[in-house]
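A closer look at the structure
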Amino acid sequence: MNATQASIADLAKRTRRAAKYRDENRRPWTFWVLVALFAAYVLALYGPMLCIYVLSFQDLRGGLVFPMKGLSLHWFVDLFTQVRTGDVKGGFERSIILAILVTVLTVVGSFMAGLAFRRRFRGDGIVFYLMIGSLVAPGLVLGIGIGLLFQYFGLTASWYTSALGAQLSWTLPFGVLVMFAVMSRFDRAWEEAARDLGASRWQIIRMIVIPILAPGIVAVALFGFTLSYDEFSRTLQTSGPLNTLPLEIWSMTLNVTSPSLYALGTVTTLASFLIIGVCLGAIAVMQKRRSNQSGSQQ
Amino acid sequence: MSSSADISRPKPARGNIASWFYVSPLVLVLVPFFVVPILVVLVASFLENDAYGGIVANFTLANYASVFTSALTWKLYLSTIKFAVMTWVLSLGIGFWIAYFLVFHVRNQLLAIGLFLLCTVPFWTSNIIRMISWIPLLGKNGLVNSALMATGVIDQPLEFLLFSDFAVVVAYAHQLTIFMIVPIFNAMSRIDKRTLEAARDAGASRLDIMRHIVVPLSRNGIALGSIFVLSIVMGDFFVVKVMSGGGSASVVSALFEDIAVLQYPPAAAAAVVLLLVVVVMIALILRTVDVRKELAR
Amino acid sequence: MTITTGDIELAGVYKHFGGMAAVDGVSLKIPDGAYCCFLGPSGCGKTTILRMIAGHEDPTGGEILIGGEDVAGLPPVQRRTAMMFQSYALFPHLSVRDNVAFPLRVRGQSRAERFKVADAMLEKVRLTELANRLPGQLSGGQQQRVALARAAITEPRVLLLDEPLSALDEQLRIQMRTELRRMQRELGITFVHVTHTQLEAIALADIVVVMEKGKIKQAGPAREVYAQPHDRYVAEFLGGQNVFSGKITHVNGSSVTVSAPDASAIVVPLMGRSVVRGGDHVDLAVRRDDIHLRRPGLTVEPGWNAISTRIRTIEYQGAFVKVMLDTIGEAEFVAYVPEREFFSDAFNVGDAVAAAWPAERSLLLS
């Protein structure tokens, strides 16, 4: 094969290979491997949860493990009626209220901090590293510190003061990091254009920045709620005499050995599903309404 | 607000005040609930213990001495770091590919976000209950063992599935892989798909593209995820206890026990040491990437 | 203080970033209602000047007056200026109508009122059917018209355009050029347009301002800047000129004779320029479309300069043929030959030719 034929053959081979990649509908074999991996991961994620949900319908005679001896709502009833040490209902209420407080404060705090970090300012490095520090510090250590601090000042720790602060020290840095990622995609030109057209600082934030960043803000809210609702180690030392739900569950696991625990898990999951579902639904409805009205802005 | 994108301009004092106003909520939380507690713990670590669980204001290095000379300390650190590294490897190995799949293989953006949300839903069930649920899944009479025995793969239930190191790492990975997926997903979705096209046009194989383009450009996401995973494992005290059946302990779980008997100063010393170790780990990771630049562009 | 006219005056304007001067002492007067183009390569300071006129940057020194008033410290809206950004910066979450009505909304106008005005403006830029679309659904040209409408709705006295045509493809660019000119005439206001494309600048502008490294090199009507560049930089940047350097061998009353490498005895009119002496090194320019190619050996007309040279490349450009000849020293030497003239007696690559032009068409650069 002479040189010309060799180069033509090589070109043909590369064209074929390129054509295969450019064929939009063909999926390489690696795609299927990754799909399998993803499916396995989701299954593994949901597996334990599903066990709980199924087992909470365990029959009266059944124990904490499979096999199911029958179906019944016995353990749900047991959960709500059995007198036991511990206050699940109270814990649940406190957790929800705390989570809502944390969510609101986290959204506002991280949005503002995100705005601040968009340009350099004196001391920005210190604040940034403090934030990272607060994120990586072991929750228990901080809990101890806050507990000791409150003790020293003679303040009583409680779920709506010290625990609130402890949780915020975890959710705020998280929220700020999310805001960083979201704001870095925000084109400054939009703000400049708005200013050029006469908008005041507050108008720019209200009419341009917030609406465009809305998805990111929702993400921060979701994060904040989830992180707070489930928070354990920082809250352990700081919630004072009244427990949040995770703390209640913790003490229950040490004492209770029946499927009513699973029933609790199912109920609390349902509750958080409901709350998040309602919020997301409300947002979706608002979005729909806004885009339905042609050219609608207040 | 003067809005030049140029950062070499000296910042006017007015701009500084505005920035501090905006960052004030964050600082107002961080100072009393992070800075001060750490300082309190630091101070407590140098003080003496009295027999009744109180703290005596005498300076002493005895707490640190006992931390460093105790064989238990080294054993605990070894164990905890071992778990941390194993979890990191597992969560990175899975998380990277999941993120890659979601960013590069899922064509419809709405679908990608939907699948992403799908991965976050399990976290709306309480952490603690999720841990207990491993029992019916991995236990001797659990689903996994029953399935394996029913299909004849094994004829004795696998003991190591639960209450073992294996179980600990599985539980950690289960909980923390999502912390890897999120930053890596974020970093990968920033990669301009046209660079990949250009590489393919130049004749690069998919392996080349992965090695030379995707991995380097997701470095920041990997670093951030690693920071999350490592710091959470190093700071954990209940997953390890529960999932190992009490067989293993972690640095913080030992701390927890000290607190339970009101031994605050020794616990404080141990806490300070742990904090230093974690800070060193994080600092090492931060040296490999410029996280600030990546995030606050 | 209200600004009622759009004449702009820049007086000794400086802008320093860190240690570097982006704008280094610029003084210029732009009359009301003129179309002014700032022309130069990236980094020459033209965009910085635009932003300083707009109020998005503050000058480090000097004064900027709009309508006779010093605008230092005034926010953009009070300067009666409006800016059209290079990326258009249309608000992605608002429809076209909402985008155009935005300036009125921030002034507190009611929905009905501002939509009426916005719709009228959309009528003017012929975008009425797209009023409900989002910017992401529009083409580049359509986005630009929305940006224009949005800027114009505030009734500014000065419209500032930051490389408005760079993002468009060739055909659309030419189309939008006429659009811009038309709008400027219709609105009757001052346009300040920043670009790095010389053809665009000379097509649109009443005043072309050529810049280099923060300084103005030449400002004047397009024809003047193109045909009578003051110096080498302007001549080279505008294109259309051959620029080369040589040494003066003779001074002869109203003209001098210059000798360049590969080319001796080029006669250049003095035109009341600076005093020159024999032995001085000078730059001179000849328009590319003034060069006629002759077969070697033919006599050259009296009063014409001629250089013997060779053809390197030939590029067909439709109305004319671009012929690149051997360089003079280091300088490119190009002839634009009208198509019919070229093909009546076509040359080939490698042919020896005499490049000739009337002596009075050569230009001495300072």
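Note that the structure is predicted; figures quoted are calculated from it, not measured.

A few points about the overall build of chain B
Counting its secondary structure elements, chain B contains 15 helices and two strands. The C-alpha extent of chain B, read off along each of the three principal axes, is 75 × 75 × 30 Å. Out of the 297 residues in chain B, the part that is buried amounts to 41%. Expressed as a percentage of contacts within chain B between residues at least 6 apart in sequence, the contacts between residues at least 24 apart total 70%.

Points about the interface of chain A and chain B
Listed per partner, the contact involves 81 residues of chain A and 77 residues of chain B. Among the elements that line the side of chain A that touches chain B, the one with the most residues is helix α2 (residues 29-55) of chain A, at 15 residues. Split by residue class, the side of chain A that touches chain B holds 55 nonpolar, 16 polar and ten charged.

A word on the sheet that holds strand β16 (residues 304-316) of chain C
Residues and elements named next belong to chain C. Judged by pairing direction, the sheet is antiparallel, and its five strands sit side by side in the order β15-β19-β16-β17-β18 without closing on themselves. Only two strands of the sheet have a single neighbouring strand rather than two, namely β15 (292-294) and β18 (331-338). Strand after strand, the sheet turns through a mean of 45° between neighbouring axes, direction not considered. Note: β15 against strand β19 (residues 352-358), three bridges, orientation antiparallel. The partner of R294 across the bridge, within β19, is A354.

A few points about the sheet that holds strand β3 (residues 35-39) of chain C
Residue and element names in this part refer to chain C. Pairing within the open sheet is mixed, and its six strands lie in the order β6-β7-β8-β3-β9-β10. Each of the sheet's edge strands pairs with one partner strand only, and the pair in question is β6 (81-84) and β10 (215-220). Strand after strand, the sheet turns through a mean of 20° between neighbouring axes, direction not considered. Packed on one face of the sheet, helix α4 (residues 140-152) meets β6 and β7 (158-162) and runs near 170° to β6.

Focus: the pairing of strand β9 (residues 207-212) of chain C
Residues and elements named next belong to chain C. With respect to burial, β9 is a largely interior element, five of its six residues being buried. Pairing of β3 with β9 involves four bridges; the strand directions are parallel. Of the residues in β9, the one forming a bridge with C37 is V208. Bridging between β9 and β10 involves five bridges; their strand directions are antiparallel. Across the sheet, residue V208 finds its bridge partner in β10, namely G220.

A short note on the confidence of the model for chain B
All names here are of chain B. When pLDDT is averaged across chain B, the result is 82; 91% of the residues are at 70 or more. pLDDT under 50 marks residues 1-11. Its contacts with residues more than four places away, or in other chains, come to 18 contacts. With a pTM of 0.80, the predicted complex shows an ipTM of 0.82.

Describing the pairing of strand β11 (residues 241-252) of chain C
All names here are of chain C. Both β11 and strand β14 (residues 281-287) contribute to a ladder of seven bridges, which runs antiparallel. By the bridge assignment for β14, G246 is matched with V282. Sheet topology places β11 next to strand β12 (residues 255-260); five bridges connect them, and they run antiparallel. The residue bridging V251 from the neighbouring strand is V256, located in β12. Linking β11 to β12, which pair antiparallel, is a turn of two residues; within it G253 sits at a positive phi near 75°.

The rules behind these values
Residues numbered from 1 in each chain as written. Chains lettered and ligands numbered in written order. Predicted model: local features only at pLDDT ≥ 70, side-chain atom pairs only at ≥ 80, totals over all residues. Helix = DSSP H or I, 4+ residues; strand = E, 2+ residues; numbered from the N terminus. Buried ≥ 20, exposed ≤ 12 C-beta atoms within 10 Å, placed from the backbone. Contact = placed C-beta atoms within 7 Å. Nonpolar A, V, L, I, M, F, W, Y, C, P; charged D, E, K, R; others polar. Pairing = 2+ DSSP bridges. Axes fitted to C-alpha atoms, helices over the stretch in contact; angles between N-to-C directions. pLDDT = per-residue confidence, 0-100.

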